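So you can see what is in the structure, the chains are spelled out below.
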Amino acid sequence: MSVGLSEQESLRYSRHLLLKQIGEAGQLALKNAHVLIVGAGGLGAPASLYLAAAGVGRLTIVDPDSIEVSNLQRQILYKTNHQGRSKALTASAQLQALNTQIKVVGIEQPIQQVGLPNWLADVDLVLDCTDNADSRYYINQACQQHKVALISAAAIRGEGQFVFFNFKQQPTPCYQCIFPDLADPNSQLNCSNSGVLGPLLGVMGSLQALEAIKYLTGQQARFESQLLTFDAWQMQFNSFKLGRDPDCAICCHH
Ligand SMILES: [Zn+2]
């Protein structure tokens, strides 16, 4: 635990310190936080950039993929000459260069292989920035069981989704309650077969970072257990209150 902010930190985060909702106590909470970001793509890039810039003390970035030329349309962590490199390791280097006062670790593996349940006890918050149903269900189940808050976002074509599960407070609905059918391979759309607007990922990933900062600094979350949707073509946000599915295999045990 840190006892206070250094002079350099006070200068660096001065625009946060001016906010009564954050102040020095909030900035110290960010400094002492560990956030796990799963997926260093279109959502993970803006989310991790804002969290690194905000001074979140520890960031762990998990992604097994390499950078491809078609990623550069939206994955704003990466430069043209990064093609072929590991996303997790390149992202961690970029974020570390942005803020040398924090600790960033990149893990070049699928989330299912990193032993997530063993180290969730050391994580304050998880951001699901993945692009596939298997990872989403896996992360949801691990966070639900270990009572770690999860902020999940998704975007495809011109449509974005955002949902915040505060598993520290039980009972709360889970990802499986809301999207029980995504595992059907016939129903899977993804950005490589359907396309996506680049800045839409910026909007949704930034919302993840925004709610992460609010959660870590103890703000009352406004979007817990609600689904927020964004239609980028119509510039329209909608929100829906979520309830638990009494038959959910993950969060409702019989
Ligand atoms: Zn559930």
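Up top is the structure these notes are about.
Source: prediction; values computed, not measured.

How each quantity is defined
Residues numbered from 1 in each chain as written. Predicted model: local features only at pLDDT ≥ 70, side-chain atom pairs only at ≥ 80, totals over all residues. Helix = DSSP H or I, 4+ residues; strand = E, 2+ residues; numbered from the N terminus. Buried ≥ 20, exposed ≤ 12 C-beta atoms within 10 Å, placed from the backbone. Contact = placed C-beta atoms within 7 Å. Pairing = 2+ DSSP bridges. Axes fitted to C-alpha atoms, helices over the stretch in contact; angles between N-to-C directions. Expected span 1.5 Å × (residues − 1). Right-handed = clockwise from strand over helix to strand, strands pointing away. Core = buried A, V, L, I, M, F, W, Y, C linked by C-beta atoms within 7 Å. Left-handed = near helix turned anticlockwise from the far one by under 90°. Nonpolar A, V, L, I, M, F, W, Y, C, P; charged D, E, K, R; others polar.

### Some thoughts on the overall build of the chain
Step number 1: Each helix and strand in the chain was counted, giving 10 helices and 8 strands.
Step number 2: Each of the three principal axes of the chain carries a C-alpha extent, and together these read 55 × 45 × 40 Å.
Step number 3: Counting over 254 residues, the chain shows a buried share of 41%.
Step number 4: In the chain, the share of contacts with a sequence separation of at least 24, taken over all contacts with a separation of at least 6, comes to 69%.

### Here's the deal with the sheet that holds strand β2 (residues 58-62)
Step number 1: Across the sheet, which stays open at both edges, the 8 strands sit in the order β3-β2-β1-β4-β5-β6-β7-β8 with mixed pairing between neighbours. Each edge of the sheet is formed by a strand with only one pairing partner; in this case those strands are β3 (103-107) and β8 (236-241). If you compare each strand with its neighbour and ignore which way they point, the axes differ by 15 degrees on average.
Step number 2: The sheet contact formed by strand β4 (residues 125-128) and strand β5 (residues 149-156) spans 4 bridges and is parallel. Counterpart to Val126 in the pairing with β5 is Leu150.
Step number 3: Across the sheet, helix α4 (residues 44-54) touches β1 (34-38), β2, β3 and β4, and the angle it forms with β2 is around 165 degrees.
Step number 4: Helix-sheet contacts for helix α5 (residues 87-98) involve β2 and β3, and the interaxial angle to β3 is about 170 degrees.

### Points about the environment of Trp233
Step number 1: Along the polypeptide, Trp233 turns up in the loop between β7 (226-231) and β8.
Step number 2: Separated by 75 residues in sequence, Trp233 and Gly158 place their C-alpha atoms 6.1 Å apart.

### Digging into α5
Step number 1: With 12 residues, α5 ought to run about 16 Å at 1.5 Å a step, and its terminal C-alpha atoms sit 16 Å apart, in line with that.
Step number 2: Burial in α5 covers these residues: Lys87, Ala88, Thr90, Ala91, Ser92, Gln94 and Leu95.

### A closer look at the pairing of β1
Consecutive residues of a regular strand have side chains that alternate between opposite faces of the sheet.
Step number 1: β1 sits mainly inside the fold: 4 of its 5 residues count as buried.
Step number 2: Across 5 bridges, the pairing between β1 and β2 is parallel. Bridge assignment links His34 to a residue of β2, and that residue is Arg58.
Step number 3: What joins β1 to β2 is α4, and the crossover it makes is right-handed.
Step number 4: Pairing between β1 and β4: 4 bridges, direction parallel. Across the sheet, Val35 pairs through a bridge with Leu125, a residue of β4.

### A closer look at the nonpolar core
Step number 1: Ranked by size, the top nonpolar core spans 65 residues in total, and within it Val35, Leu59 and Ala212 carry the most contacts.
Step number 2: For this core, the leading source of residues is helix α10 (residues 198-216), giving 9 residues.
Step number 3: Ignoring anything within four residues of it in the chain, the contact list for Val35 reads Leu51, Val56, Leu59, Asp124, Leu125, Leu127 and Ala212.

### Re unusual backbone geometry
Step number 1: The phi dihedral of Lys147 is positive, around 55 degrees, even though this residue is not glycine.
Step number 2: The topology assignment puts Lys147 in the loop between α7 (133-146) and β5.
Step number 3: With a phi close to 50 degrees, Arg157 is a non-glycine residue in the positive phi region.

### Topic: the packing of α4 against α5
Geometry of a packed helix pair, given as the angle between the helix axes and the separation of the axes.
Step number 1: Two elements in contact, α4 and α5, have axes separated by 9 Å at closest approach and are oriented at 30 degrees. In terms of crossing hand, the pair formed by α4 and α5 is right-handed. From α4, Ser48, Leu49, Ala52 and Ala53 reach across to α5, where they touch Ala91, Leu95 and Leu98.
Step number 2: The residue makeup of the contact of α4 with α5, split by class, is 6 nonpolar, 1 polar and no charged.

### Some words on the packing of α4 against α10
Step number 1: Two numbers describe how α4 lies on α10: the axes approach to 7 Å, and their chain directions differ by 35 degrees. For the crossing formed where α4 meets α10, the hand is right-handed. Between α4 and α10, the residues in contact are Gly44, Ala45, Pro46, Ala47, Tyr50, Leu51 and Ala54 and Leu201, Gly202, Gly205, Ser206, Gln208, Ala209, Ala212 and Ile213, respectively.
Step number 2: Grouping the amino acids of the contact of α4 with α10 by side-chain chemistry returns 10 nonpolar, 5 polar and no charged.

### Quick notes on the pairing of β8
Step number 1: With 0 of its 6 residues buried, β8 lies for the most part at the surface.
Step number 2: Bridge count between β7 and β8: 6 bridges; the pairing is antiparallel. In the strand pairing of β8, Leu228 is matched with Ser239.
Step number 3: Count of turn residues in the β7/β8 antiparallel hairpin: 4 residues, of which Met235 carries a positive phi of about 55 degrees.

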